[in-house]
Amino acid sequence: MQKKDILQRLNDLGYVRAENSILSVPGKTFYKESYKAKMLNHTIIEHVRFVECDFDEASITGSIFRHCSFINCSLDQVDFEFCEFYSCIFESNIPFGSSFNESSFVETEFLDVNFRSCTFTGAFFQACLLNRVQIAVSTMENSRFRQCNFKNMDLRLLNMDYVELDHPSMENVVLPLDQIPFMFGSLQYLKYTKDSVKISK
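What counts, and where the lines are drawn
- Residues numbered from 1 in each chain as written.
- Predicted model: local features only at pLDDT ≥ 70, side-chain atom pairs only at ≥ 80, totals over all residues.
- Heavy atoms only, no water.
- Helix = DSSP H or I, 4+ residues; strand = E, 2+ residues; numbered from the N terminus.
- Buried < 20%, exposed > 50% of the residue type's maximum accessible area, 1.4 Å probe, protein only.
- Contact = heavy atoms within 4.5 Å.
- Areas by Shrake-Rupley, 256 points an atom, 1.4 Å probe, with all protein chains shown as cover.
- Phe/Tyr/Trp six-rings, centres within 6.5 Å; stacked < 30°, edge-to-face > 60°.
- Core = buried A, V, L, I, M, F, W, Y, C linked by side-chain atoms within 4.5 Å.
- Polar contact = N/O pair within 3.5 Å; in protein donor to acceptor, adjacent residues only side chain to side chain.
- Salt bridge = Lys/Arg side-chain N within 4 Å of Asp/Glu carboxyl O.
- Disulfide = S-S within 2.5 Å.

A.B. asks: In this structure, what is going on with the overall build of the protein? I would like to understand it.
C.D. replies: Counting its regular elements, the protein contains two helices and 19 strands. In the protein, which comprises 201 residues, the proportion classed as buried is 43%. The contacts of the protein with a sequence gap of at least 6 include a subset with a gap of at least 24, amounting to 6%. Accessible surface computed for the protein: about 10600 Å², of which carbon and sulfur atoms make up 49%.

A.B. asks: How should the packing of aromatic side chains be read in this particular structure?
C.D. replies: Aromatic rings in a pair are described by how distant their centres are and how their planes are angled relative to each other. With the rule as written, the count across this model stands at 31 aromatic pairs. Seen from their ring centres, Phe65 and Phe85 are 5.0 Å apart, and the 5° between their planes marks the pair as stacked. Here Phe65 is found in strand β3 (residues 64-66), whereas its partner Phe85 is found in strand β5 (residues 84-86), with 20 residues between them in sequence. Seen from their ring centres, Phe70 and Phe90 are 4.9 Å apart, and the 10° between their planes marks the pair as stacked. Of the two residues, Phe70 sits in strand β4 (residues 69-71) while Phe90 sits in strand β6 (residues 89-91), which places them 20 residues apart along the sequence. Considered together, Phe70 and Phe90 belong to a single accessibility category, that of buried residues.

A.B. asks: Just to check I follow, could you spell out unusual backbone geometry for this structure?
C.D. replies: With a phi angle near 55°, His47 is a residue other than glycine that sits in the positive phi range. Structurally, the position occupied by His47 is in strand β2 (residues 44-51). Although it is not a glycine, Gln147 adopts a positive phi angle of roughly 55°. Looking at the secondary structure, you find Gln147 in the loop between β14 (144-146) and β15 (149-154). Residue Gln147 is classed as partly exposed on the basis of its relative accessible area of 48%.

A.B. asks: Where do I start with the environment of Ile199 in this structure?
C.D. replies: Looking at the secondary structure, you find Ile199 in strand β19 (residues 196-200). Under the relative-accessibility criterion, Ile199 is labelled partly exposed at 42%. Placed 25 residues apart in sequence, Ile199 and Val174 show a C-alpha to C-alpha distance of 5.6 Å. Leaving out residues up to four positions away in the same chain, Ile199 has contacts with Leu175, Leu177, Ile180 and Leu190.

A.B. asks: Looking at this structure, I do not really get the nonpolar core. What am I missing?
C.D. replies: Nonpolar side chains tend toward joint burial in soluble globular proteins. Membership of the largest hydrophobic core comes to 50 residues, with the highest contact counts inside it found for Phe50, Phe55, Phe65, Phe105, Phe115 and Phe120. Mapped by element, the contributors of at least two residues to this core are β2, β15 and β18 (169-176). Excluding residues that lie within four positions of it along the chain, Phe115 makes contacts with Phe96, Phe100, Phe110, Phe120, Val133, Gln134, Ile135, Ala136 and Ser138.

A.B. asks: I keep staring at the environment of Tyr189 and nothing clicks. Help me out?
C.D. replies: Examined against the element boundaries, Tyr189 turns out to sit in helix α2 (residues 186-192). You can call Tyr189 buried: its relative accessible area is 9%. Separated by 23 residues in the primary sequence, Tyr189 and Asp166 have C-alpha atoms spaced 8.5 Å apart. Not counting the four nearest positions on each side in its chain, Tyr189 is found in contact with Pro168, Ser169, Met170, Asp195 and Val197.

A.B. asks: Sorry, what's going on with the side chain of Asn114 here?
C.D. replies: With respect to the helices and strands, the residue Asn114 is situated in strand β9 (residues 114-116). Within the structure, the side chain of Asn114 is placed 2.9 Å from the side chain of Arg116, a separation counted as a polar contact. Discounting chain neighbours no more than four positions away, the residues touching Asn114 are Ser92, Ile94, Pro95, Phe96 and Gln134.

A.B. asks: Teacher, can you tell me more about the pattern of salt bridges here?
C.D. replies: Pairing between side chains becomes possible if they bear opposite charge and their charged atoms approach one another. According to the stated counting rule, one finds seven salt bridges in the structure shown. One salt bridge in this structure joins Arg144 and Glu164, with 3.6 Å as the shortest N-O distance. Placement of Arg144 in strand β14 and of Glu164 in strand β17 (residues 164-166) is noted, with a sequence separation of 20 residues between them. Close ionic contact of Asp166 with Arg144 constitutes a salt bridge, the shortest N to O distance being 3.3 Å. Linking Asp166 in strand β17 with Arg144 in strand β14, this pair joins segments that are 22 residues apart in sequence.

A.B. asks: Just checking my understanding: could you explain the state of the cysteines for this structure?
C.D. replies: A covalent bond between the sulfur atoms of two cysteines is what we call a disulfide. What the rule picks out here adds up to zero disulfides. You can see Cys128 has no disulfide; the closest cysteine sulfur is in Cys148, sitting 4.6 Å from it.

Below you can see the structure in the form of structure tokens.
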């Protein structure tokens, strides 16, 4: 099979890179750009700010983001599965539902984000900040949070079964009473913490 045939076969299967698969433009801001329904799979994007951009229904599977910001972007029905985010920022008051299954977030901040019907199954979070995040009708099943900081959040309206909490810190957070037995590390955390955390049905 020739190289072009292999690439075409991968393209048919959905393994598609954008024409410019590595985008690194330090300090560059993309404002109100439309990536709606675009194929951006396996793209590497670095040092970029996306402001009020439209990513609805885009396929971004397996992409890597370093030092990127998503400010008030439309992110509904986006496929972010198997992506990696390093030192990124999500800040938006626009509700959205997307899939982040098996993705990794390292030193990433979620600020005033409104998740609706999102899936984070098997996701990994390391040293992340989640502040004033609203999340409902979503699942974080089998996700792992290591040394993450939760602030001003109500976590009762999502599935947190088999989530692992590894040395979290919490401030003004409500945890779901019925899921605590299924959240690894939660009982140990609650036994010794002096954080401002409540448990409720």
